[in-house]
Amino acid sequence: MAPQVTGSPRRRRPAFVQSRSTEQRTRHPAVALAMALPCAVLLVILFGGWEQMANQAQAVVDLLGR
């Protein structure tokens with residue numbers, strides 16, 4: 001026999017409702033870049049993705065050159 005859930009189910013707030021705490025400021029794009037760039041460089045070095053990155057960059061340059 002399946003167990004029965006007792007009590008009232010929890011109600012979720014709609015996604016568009018913000019919390020009543022202080023308004024959160026957005027992060028500057030340069031800060032986000034400074035956080036992500038070291039991780040990207042580390043992954044490129046660890047997995048040897050330099051050649052693939054160069055190939056992708058060349059493909060983008062070729063597309064922009066048309």
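Computed from a predicted model, the values in this text were never measured in an experiment.

Caption draft 1: Seen up close, the overall build of the chain. Helix and strand counts for the chain stand at two helices and zero strands. Evaluated residue by residue, the chain yields a buried proportion of 0% over its 66 residues. Total accessible area computed for the chain in this model is approximately 7,400 Å², and 61% of it derives from carbon and sulfur atoms.

Caption draft 2: Structural detail: a nonpolar patch on the surface. Together, L33, L37, V41 and I45 give the surface a local cluster of nonpolar side chains, amounting to about 400 Å² of exposed area. Relative to the elements of secondary structure, L37 occurs in helix α1 (residues 29-47).

Caption draft 3: Expanded view of α1. The first and last C-alpha atoms of α1 sit 26 Å apart over 19 residues, in line with the 27 Å expected at 1.5 Å per residue. The axis of α1 is deflected most strongly, by about 25 degrees, at A36, and proline P38 appears within four residues downstream. Once α1 ends, the next one or two residues include G48, with phi positive near 65 degrees.

Calculation notes
- Residues numbered from 1 in each chain as written.
- Predicted model: local features only at pLDDT ≥ 70, side-chain atom pairs only at ≥ 80, totals over all residues.
- Heavy atoms only, no water.
- Helix = DSSP H or I, 4+ residues; strand = E, 2+ residues; numbered from the N terminus.
- Buried < 20%, exposed > 50% of the residue type's maximum accessible area, 1.4 Å probe, protein only.
- Areas by Shrake-Rupley, 256 points an atom, 1.4 Å probe, with all protein chains shown as cover.
- Patch = residues over 30% accessible without salt bridge, like charges linked within 9 Å, V, L, I, M, F, W, Y side chains within 5 Å.
- Salt bridge = Lys/Arg side-chain N within 4 Å of Asp/Glu carboxyl O.
- Expected span 1.5 Å × (residues − 1).
- Bend = angle between axes of the 7 residues up to and from the residue.

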